[in-house]
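# Geometric and topological summary
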Amino acid sequence: MKRLTKTAIIFAVVTVLLLGASFAAEAVERSRFPEGGVYFARTDSYYSYSSRSLNPVISLICFDVKKGGALSLFDYHEIALVDTAGVSHKSKDVSISHVFTDIFFSRLVVRIVLDRTDFEDNTATYFQTVRLTDAHGKERDFSIGRICIEALNAEEEVASLSFGGYTTGANEMKSYNLRVTNQKEDLRLSRISLDLKGITYQASVYDEEGNVFPLDGYLLGKGTSVNIVLSFAGNTEVPFHFIKPCLVYERGGKVYAASVTGASDYISLFDREETVKYLWERADV
Amino acid sequence: MSSLTVKNERQEGLRFLFCGIMILLAFWQAAAKRLWAQSGTAVILLAVLAPLVCLYLPVALYPVFNAKKQKYFPRLAAVYGVNKTEGKSVLLAVCIGVFGWIAAVYLYEGIICLYQYFSNSLILSVGATTEKWWLTALMGLCYGALPAAATELFYRGNACFKGQSTAELLLAFIMPITLCFELNAIGINVIVGVLSVAALIKTRSVIPSVVIASSFRLLNIFPGSMLIPPFSFRLATSIETSLVFGLRALAIGAAAIGATVICFMLMKKGEAEGAGNKERSDFFWHAVLIAFYLVLWAVLTAL
């Protein structure tokens, strides 16, 4: 019986030691992260909407650092985007998905649906702030970099162009490919509308034979398809970009615009070490 | 108490027992399904603690409510078809089975989580258990053989089990359920359960049941089998968390082994001691056992 008592005591001690070690390991890892709470990644993004029937859907990358009982994203009740004029655009709908989660932090993608009728035709609205409201009605603003939403009116040109495929995402923001087919009469391509702060681009057209032409002034015949390639340059080091460009063209002396149907994401920050470093940079702001 | 009363109480008790088992089965199944979908701590607590509460508390509280024992314990003993002393032994054996199961599962989880940490690879995050035969074999050993061996030890070591069909059924039910817990298919649970019970009744030994249940577990070696990564793996979504949850899983395992040892001590004392200060001594060790139980609860909550 004494041997059994000793055994029980040994296992009790082992339990306490292992628990202590686990909590110590947790504390060490937690100390690598900055102050707990919500961190929104800074983006340089552009969304165009040529149709009035589609509401803008904006993607934000959010990090939830679980430390010190800080409020997580899910503790907030409302989310809104604030434009540079100070107008708050409340979300019509929000969806949140986990990209990664453990006991130390979560990486989330927040998709905010805005109201298309809040945006005047042929104007660009810029957002630099997202506003969260907690259960007590207290508001807190977070910097999100720069997001441009451009509303375009293309009611007169329905289903003139069809987009056969486009770059949906990449790690590095080097290029963007778009396949376009003209469904109606001949048109002349004019430019790609893409308003990014630190990024410049050069647009080229590749015809079916692989010949390369400048985009501006390219004549796209009825029923023909081309590939448009954008080559990016400039500050491509920002790790988060979402783009939904718009193709501007002329037909019969009138200018029209057609937005690509979906947004593309250029996300280069994946590694845990890079994420911790990025969070510290964001915390220092 | 007349034989008719005892018989009625036994029938009533058996109904109560099987209702309880069905509830526990439901808990387990719900927990398994929720865990599959990344559930929270509450479900884990329900899955692990509900059976412990149902099975252990009657024994643990028995000496505490000593004054009422004459009223309640005969009924409890009748449920298991044994007398007072034997009834305690049966319940302690069941506790040993449950604690043994917890110890084996969490030791296995702890080892694998720490393996993940030190090898710097999330080997279990992509269902790699089905591709690594040694992992599955280790799981089969920990989930199948170790708890069953603990049960077998007490089955053979206690005379009270001999010829007690209700106790056999109880053991036979507990063990296959625990062995097959991670197989997220009630059909397989039922098949293995029925086969195990049949083997147990026929041979009056737990060993054939162990072979049957462990064989099903080892079937997971083959790709595409229905293996559900257990608790800690679901939580250890990064290398860093593998270390934390590995150590906690080992802590749970160590606490469960301690609880098993205390159960063993209680059983030995029950057999060896007569009157005198037995109940005071029992109370002390039951208190220690409850302390272990609380440690388990605390760790599971922390998870």
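Residues numbered from 1 in each chain as written. Chains lettered and ligands numbered in written order. Predicted model: local features only at pLDDT ≥ 70, side-chain atom pairs only at ≥ 80, totals over all residues. Heavy atoms only, no water.

## Regarding the overall build of chain A
Of regular secondary structure, chain A possesses 2 helices and 21 strands. By the burial criterion, 48% of the 285 residues in chain A qualify as buried. When contacts within chain A are restricted to residue pairs at least 6 apart in sequence, those whose partners lie at least 24 apart make up 71%. In the structure as shown, chain A presents an accessible area of about 14,000 Å², 51% of it carried by carbon and sulfur atoms. (Helix = DSSP H or I, 4+ residues; strand = E, 2+ residues; numbered from the N terminus. Buried < 20%, exposed > 50% of the residue type's maximum accessible area, 1.4 Å probe, protein only. Contact = heavy atoms within 4.5 Å. Areas by Shrake-Rupley, 256 points an atom, 1.4 Å probe, with all protein chains shown as cover.)

## So, the confidence of the model for chain B
All names here are of chain B. With 18% of its residues at a pLDDT of at least 70, chain B reaches an overall mean of 55. Mean pLDDT per element in chain B: helix α6 (residues 165–179) is the minimum at 45, and helix α10 (residues 239–272) is the maximum at 82. Note on residues 29–70: pLDDT is under 50 here. Beyond four places in sequence and across chains, it has 78 contacts. Predicted confidence is poor over residues 274–281, with pLDDT under 50, and the contacts of this stretch with residues over four places away or in other chains come to 8 contacts. (pLDDT = per-residue confidence, 0-100.)

## Considerations on the sheet that holds strand β17 (residues 225–234) of chain A
Residues and elements named next belong to chain A. Spatial strand order, β10-β12-β17-β14-β15: 5 strands in an open sheet with antiparallel pairing. Whereas interior strands pair on both sides, the edge strands pair on one side only; in this sheet they are β10 (161–166) and β15 (212–214). Neighbouring strand axes in the sheet, compared pairwise and without regard to direction, differ in orientation by 35° on average. Pairing geometry for strand β12 (residues 175–182) and β17, over 7 bridges, is antiparallel. Bridging across to β17, N177 finds its partner in V229. (Pairing = 2+ DSSP bridges. Axes fitted to C-alpha atoms, helices over the stretch in contact; angles between N-to-C directions.)

## Observations concerning the interface of chain A and chain B
Listed as interface residues are 23 residues of chain A and, on the opposing side, 26 residues of chain B. Taking both sides of the interface into account, the surface hidden between chain A and chain B amounts to around 1,900 Å²; carbon and sulfur atoms contribute 82%. Seen at the junction of chain A and chain B, the total is 2 salt bridges. Note that B:R248 and A:E26 form a salt bridge whose closest N and O atoms lie 2.1 Å from each other. Linking chain A with chain B are 5 residue pairs in polar contact (both at pLDDT 80 or more). Breaking the side of chain A that touches chain B down by element, the ones donating at least two residues are α1 (2–31) and β6 (93–101) of chain A. (Buried area = accessible area lost by both parts, 1.4 Å probe. Salt bridge = Lys/Arg side-chain N within 4 Å of Asp/Glu carboxyl O. Polar contact = N/O pair within 3.5 Å; in protein donor to acceptor, adjacent residues only side chain to side chain.)

## Considering a nonpolar patch on the surface
Taken together, A:I9, A:V13 and A:L17 make up a surface patch of nonpolar side chains, about 290 Å² in accessible area. By the secondary structure assignment, A:I9 is in helix α1. (Patch = residues over 30% accessible without salt bridge, like charges linked within 9 Å, V, L, I, M, F, W, Y side chains within 5 Å.)

## Structural notes on the pattern of salt bridges
All names here are of chain A. This model, assessed by the stated rule, comprises 14 salt bridges over all chains. E273 is paired through a salt bridge with R32; the nearest N and O atoms lie 2.7 Å apart. One end of the pair, E273, is in helix α2 (residues 272–284); the other, R32, is in the loop between α1 and β1 (37–40), and 241 residues separate them in sequence. Between E208 and R179 there is a salt bridge whose closest N-O contact spans 3.1 Å.

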